[in-house]
Amino acid sequence: MAKMEVKTSLLDNMIGVGDMVLLEPLNEDTVIDNLKKRFDHNEIYTYIGSVVISVNPYRSLPIYSPEKVEDYRNRNFYELSPHIFALSDEAYRSLRDQDKDQCILITGESGAGKTEASKLVMSYVAAVCGKGAEVNQVKEQLLQSNPVLEAFGNAKTVRNDNSSRFGKYMDIEFDFKGDPLGGVISNYLLEKSRVVKQPRGERNFHVFYQLLSGASEELLNKLKLERDFSRYNYLSLDSATVNGVDDAANFRTVRNAMQIVGFMDHEAESVLEVVAAVLKLGNIEFKPESRVNGLDESKIKDKNELKEICELTGIDQSVLERAFSFRTVEAKQEKVSTTLNVAQAYYARDALAKNLYSRLFSWLVNRINESIKAQTKVRKKVMGVLDIYGFEIFEDNSFEQFIINYCNEKLQQIFIELTLKEEQEEYIREDIEWTHIEYFNNAIICDLIENNTNGILAMLDEECLRPGTVTDETFLEKLNQVCATHQHFESRMSKCSRFLNDTSLPHSCFRIQHYAGKVLYQVEGFVDKNNDLLYRDLSQAMWKAGHALIKSLFPEGNPAKINLKRPPTAGSQFKASVATLMKNLQTKNPNYIRCIKPNDKKAAHIFNEGLVCHQVRYLGLLENVRVRRAGYAFRQAYEPCLERYKMLCKQTWPHWKGPARAGVEVLFNELEIPVEEYSFGRSKIFIRNPRTLFKLEDLRKQRLEDLATLIQKIYRGWKCRTHFLLMRKSQIVIAAWFRRYAQQKRYQQIKSSALVIQSYIRGWKVRSLLQAYWHQKAPTTIAAYWHGTQARRELSRLKAEARNKHAIAVIWAYWLGSKARRELKRLKEEARRKHAVAVIWAYWLGLKVRREYRKFFRANAGKKIYEFTLQRIVQKYFLEMKNKVPSLSPIDKNWPSRPYLFLDSTHKELKRIFHLWRCKKYRDQFTDQQKLIYEEKLEASELFKDKKALYPSSVGQPFQGPYLEINKNPKYKKLKDAIEEKIIIAEVVNKINRANGKSTSRIFLLTNNNLLLADQKSGQIKSEVPLVDVTKVSMSSQNDGFFAIHLKEGCEAASKGDFLFSSDHLIEMATKLYRTTLSQTKQKLNIEISDEFLVQFRQDKVCVKFIQGNQKNGSVPTCKRKNNRLLEVAVP
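Anyway, here's the lowdown on the structure attached to this text. Everything quoted here is computed from the prediction, not taken from an experiment.

Procedures and definitions
Residues numbered from 1 in each chain as written. Predicted model: local features only at pLDDT ≥ 70, side-chain atom pairs only at ≥ 80, totals over all residues. Heavy atoms only, no water. Helix = DSSP H or I, 4+ residues; strand = E, 2+ residues; numbered from the N terminus. Rg over C-alpha atoms; globule rule 2.2 N^0.38 Å. Buried < 20%, exposed > 50% of the residue type's maximum accessible area, 1.4 Å probe, protein only. Contact = heavy atoms within 4.5 Å. Polar contact = N/O pair within 3.5 Å; in protein donor to acceptor, adjacent residues only side chain to side chain. Phe/Tyr/Trp six-rings, centres within 6.5 Å; stacked < 30°, edge-to-face > 60°. Lys NZ or Arg CZ within 6 Å of the ring centre and 35° of its normal. Patch = residues over 30% accessible without salt bridge, like charges linked within 9 Å, V, L, I, M, F, W, Y side chains within 5 Å. Areas by Shrake-Rupley, 256 points an atom, 1.4 Å probe, with all protein chains shown as cover. Salt bridge = Lys/Arg side-chain N within 4 Å of Asp/Glu carboxyl O. Pairing = 2+ DSSP bridges. Axes fitted to C-alpha atoms, helices over the stretch in contact; angles between N-to-C directions. Core = buried A, V, L, I, M, F, W, Y, C linked by side-chain atoms within 4.5 Å.

## Concerning the overall build of the chain
- Of regular secondary structure, the chain possesses 31 helices and 31 strands.
- Over its C-alpha atoms the chain spans a radius of gyration of 51 Å, topping by over 25% the 32 Å that the globule rule assigns to 1132 residues.
- When its C-alpha atoms are laid out on the principal axes, the chain stretches across 160 × 130 × 75 Å.
- Buried positions account for 45% of the 1132 residues belonging to the chain.
- Within the chain, contacts between residues separated by at least 24 positions form 64% of all contacts whose residues are at least 6 apart in sequence.

So this is what it looks like as structure tokens:
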């Protein structure tokens, strides 16, 4: 029996109020008390309508498991208790099923858990969307982009150990099925000032500490770094290590994530080299030096650091040294060079470090976008996730806080507008009368900051561009003149007399009344930070770097592209970015997550009510609740409403057979709820006051108790009766079994007694018969024993007599053998004596003959005898070889063994000559066509033997060339007429698509002068490449048919890049192409055999990498485009 599914409503087992729209009474204290009550019971999520409030627990909770993901999958938003998964599922289903682009806006102050919330949203979407190799790869790349951006964009602050110091907006793109295709990341306002200076108790960006902690000694030596943090001025030492953070392990995680996202090895190394250069820039120190004209000039104290930076970046040391000492100003064809004093040199150094790191971060974001962007051009659905800094109010607020709070003002504005719009659309959709809602519109604050004429940002830009002396004080004076009468602007020097006595306002500050409260800004640094100037000399020095990445980061340093126009200010850039972001968000359906930090100690189980109250104010939560419940506080579809409260009315309980709306009307009439407290929409019922809903819940709770009592009563009666019937049945069964057992036991006793009696009677009868038998047979038995004894005695006598005869025969045989051996020994001794006499006689005769004929021999007789003997031996050797010569087959390796040691070299030379002779005889039988085939086979052997695993299988296959009979096939008549030259190869190959790695069939034609590609179906020529434009052929060393034809850069055929093919006759095609190119161009074609090579596809260079893998198609290699820079071929 299937397990019954249990659904939990938002209102069931509610701790506090799950949706604060239902909070009663509604004020700041009740909101904070409700959040605290839920936080104490590990309920960290609370709703305000469709907005999710998340309180950071500062510990792991078991509420993000795969089981939880399944619980919230495809569920109504209010069906289960509040959770971030509910909002993620609602957004994903709206995107997938209703084709509505979504955006999820995550806001809150540093340490409130915004980054973790964005990770949870992305992990939930990744878990519930489709599966498959390509989909999983896209999901993995999207998720692995987070560790890379966190390493370079996050830092430890006093409020958060992993604080995002930049704003991030990610658009995740989906296809029509809801499967992810890719994504695009936008970054906003990286806090680059942190690179050169960090507040006390905070760290620089994570990547610096991860690099020094996790890099190997070899890598550190290559980057000219040391592991000691204290060696670098840009790293604060009071918080260099963070409890619970393993920088070394995180470095390995980042390197692995970069590889998954698609960074090539040389790109990752280049990034680390730039990071090392930034670190070492902080160690450059300056000293003053007086010049002849009396001006001070800065000089570098220790040039060793400068030398190492130049070695890392490939910059001429003298060029960079001059850039730190001089500044060149250009205006209308004039150049003026001025010296930099020590303060200006330190400013230039820090400006270079900040710009270098900031541009590197932007390059990383663009590089990640290249890898994760959607490869297809089909229509996409988009879900945006915005993780951006929350409203910031510090003791010292500067330009960064001003820009951040401006962004939050814009987000609050769009939040109110979209919330009201959503409310109004739902009322219209449900045919409910819309009433105007009063709320604070912060457009006046946004206008104060961004107005193009007299806004604060416009006046700041005007001050930065104004000639003459420009300081932060002149900027503040201008603000006092223009904004003095603005009701949200306050200053000590304001013309408005009501602020003259406000001693809480210092002279160098101004205060803005934001929607979240008043914020006091220090004007010191506003002008410099808005200018964000980098001297042109430093830009040009960076552009001259031999380091490709650094050179690409400073395009304005190119002397050929000098632009005297002043670059846009930081404020104007951020204002434009925020405008683009707002425009993007307004095209999507918004979903909100408001994150709250419960305490400043980053500790679990601590809820600081004052801190939370401050965040509730500047997040505008109370305002949000008021807007949401200005009309109707609660709304619910008719079906779940009837299902939940039907037990309160006899007419609807237990089943209502009519329409759900009619059932709800009957129910509310029965309960006598005032008509003004609710309204009926098209598909929902709207309840005005939370008290009405709580009254329904109380009635339901009481009714459930009554029903529970009734169910218990019926259940107990059923249980007792069932128990009685079971006992009765059991008693009957036990009695029956006992009676059976008693009868069986009695029967066994009677049976055993009868058997005992029978056995005794039978024994007595047998003993009686045996006794009578023995009396009759006794004499016969005695006689038999006597005859047996006599027979045994006779047998013993005969055995003894036989043994005596055998012994005599054996002794006689031994005696005869001894006599024979003595006679044989005597005969052998006599024969040896006769042989010795004959040998001595022969030697004696020989001696006599030699003495007799010695006078007839000349002095060189020995030499003649030696030569004669040698000649006879050689003659014998050749005569024997005549009969032992092997067959005339060139592959027969048999050869007679050498008879004499001194003939060893002759024997080998004869073997070589014989082999050459029979090979010539064999070749003389070939026709001209066969000779050409064997020449090609020989060429193939020289090119591919022991280099290409596919070569051995091609040896036995004849090279046919034109596999397609184009001349005979009428289908290719048009193709035949278009080619006038002789066709050397005509074969169908698979051309690999540059975009996705899939293959298309093409006819590959090789003539004496050209290489052509034609469509297999129509025969139409698609490409024609002269052989002089072919520079190289690349292939792997494995057992596959993939090969690339590289074309000369700049030629007409190379406009779309190189060609990548797959063929079953790779060895033949490459050999014929090599021979034909050599014949026509008199130059050898380069054949590259490597498991990883680069192919030019349009403007990009793509790495083709061959790997071993198990194939679904058996032994057929597969090709897959992993990212924009990598094409992977899996070979079985």
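## Description of the environment of Asn1010
- Of note, Asn1010 is situated in strand β22 (residues 1010-1015).
- Residues Asn1010 and Leu903 lie 107 residues apart in sequence; the distance between their C-alpha atoms is 57 Å.
- When sequence neighbours within four positions are dropped, the list of residues in contact with Asn1010 reads Glu981, Leu1005, Glu1024, Val1025, Pro1026 and Leu1027.
- A polar contact is formed between the side chain of Asn1010 and the side chain of Glu981, at a distance of 3.1 Å.

## Here we look at the packing of aromatic side chains
- The tally for this structure, following the rule as stated, stands at 32 aromatic pairs.
- Summarising the aromatic geometry, the rings of Phe402 and Phe526 are spaced 5.8 Å apart at their centres and angled 55 degrees between planes, so their arrangement reads as tilted. On the criterion of sequence distance, the pair formed by Phe402 in helix α13 (residues 399-429) and Phe526 in helix α17 (residues 526-531) is long-range, its members being 124 residues apart. For the pair shown, Phe402 and Phe526 are each scored as buried.
- Taken together, the ring pairs connect Phe399, Phe402, Phe475, Phe489, Phe510, Tyr521 and Phe526 into an aromatic cluster.
- Positioned above the aromatic ring of Phe263, the side-chain terminus of Arg367 is 5.2 Å from the ring centre.

## A word on the side chain of Glu321
- The topology assignment puts Glu321 in helix α11 (residues 317-323).
- Judged by relative accessible area, which is 17%, Glu321 ranks as buried.
- Not counting residues within four places of it along the chain, the set of residues in contact with Glu321 comprises Ile300, Lys303 and Leu306.

## Notes on a nonpolar patch on the surface
- Taken together, the side chains of Leu770, Tyr773 and Trp774 define a hydrophobic patch exposed on the protein surface, amounting to about 380 Å² of accessible area.
- Within the secondary structure, Tyr773 sits in helix α25 (residues 690-853).

## Considering the sheet that holds strand β19 (residues 684-687)
- Pairing within the open sheet is antiparallel, and its three strands lie in the order β17-β19-β18. In the strand order of this sheet, the two ends are held by β17 (634-637) and β18 (678-680), each with one partner. Taken over all neighbouring pairs, the strand axes of this sheet differ in orientation by 20 degrees on average, direction set aside.
- Relative to β19, β18 runs antiparallel, the two sharing three bridges.

## A look at the sheet that holds strand β24 (residues 1030-1035)
- Reading across from one edge, β23-β22-β21-β20-β26-β25-β24-β27 is the order of the eight strands in this open sheet, with mixed pairing throughout. In the strand order of this sheet, the two ends are held by β23 (1021-1026) and β27 (1086-1089), each with one partner. The mean inter-strand angle of the sheet, taken between neighbouring strand axes irrespective of direction, is 30 degrees.
- Two elements, strand β20 (residues 983-992) and strand β21 (residues 999-1007), share nine bridges in a ladder whose sense is antiparallel.

## Considering the nonpolar core
- Ranked by size, the top nonpolar core spans 114 residues in total, and within it Phe152, Phe208, Leu320 and Phe324 carry the most contacts.
- Per-element tally for this core: the top contributor is helix α12 (residues 342-372), with 14 residues.
- Non-local contacts of Phe152, meaning those with residues more than four positions away in its chain, are made with Phe205, Val207, Val271, Val275, Tyr357, Leu360, Phe361 and Leu364.

## Describing helix α10 (residues 303-313)
- Those residues of α10 that sit buried are Glu305, Leu306, Glu308, Ile309, Cys310, Leu312 and Thr313.
- Buried residues along α10 sit in contact with α7 (217-222), α9 (265-281), β9 (296-300), α11 and α19 (548-553).
- By the N-cap criterion, in which a side-chain oxygen at the helix start approaches the backbone nitrogen of a residue two or three places on, α10 is capped by Asp302, the distance to Asn304 being 3.1 Å.

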